[in-house]
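One-letter residues, chain by chain:
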Amino acid sequence: MLEYLLRLALLLPVLAGLIWGSLWLTRWLQTRLGQTPGAGGGRQLQLIETSLIAPGMKLAVVRFRDREILLGCTRQGLVRLGEAPATASVPAESE
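Residues numbered from 1 in each chain as written. Predicted model: local features only at pLDDT ≥ 70, side-chain atom pairs only at ≥ 80, totals over all residues. Heavy atoms only, no water.

Points about the pattern of salt bridges
Part 1 of the reasoning: Evaluated as defined, the whole model comprises four salt bridges.
Part 2 of the reasoning: The partner of E3 in a salt bridge is R7, and the shortest N-O contact between them spans 2.9 Å. Note that E3 and R7 are positioned in helix α1 (residues 2-34) at a spacing of four residues, about one turn of the helix. Both residues of the pair, E3 and R7, count as exposed.
Part 3 of the reasoning: Its salt-bridge partner being E83, residue R67 comes within 2.9 Å of it at the nearest N-O pair. (Salt bridge = Lys/Arg side-chain N within 4 Å of Asp/Glu carboxyl O. Helix = DSSP H or I, 4+ residues; strand = E, 2+ residues; numbered from the N terminus. Buried < 20%, exposed > 50% of the residue type's maximum accessible area, 1.4 Å probe, protein only.)

What follows is the structure, encoded as structure tokens:
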């Protein structure tokens, strides 16, 4: 029983460190691979807002090349529901 508790006390921090390290590495790689070197205007696609309608169903607004596109997102795929010219970002009011 003592041997089991010692193994548990040693392996739990190791496991937690591996989980934390893999999450950190994933986030670091996403930021590195998401950047396109030499692109003057930065990112062309930006997620503006999402709204959950029902389990497995969302609405999403994305900005692409000065257009805002409303997408319906389900488990089966994406559907473009509407499109409008991009508006200037308005900061959210703090309550």
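Here's the deal with the environment of I53
Part 1 of the reasoning: Position of I53 among the secondary structure elements: in strand β1 (residues 45-54).
Part 2 of the reasoning: When the C-alpha atoms of I53 and G72 are compared, they prove to be 9.7 Å apart, with 19 residues separating the residues in sequence.
Part 3 of the reasoning: Discounting residues that sit within four places of it in the chain, I53 has contacts with K58 and L59. (Contact = heavy atoms within 4.5 Å.)

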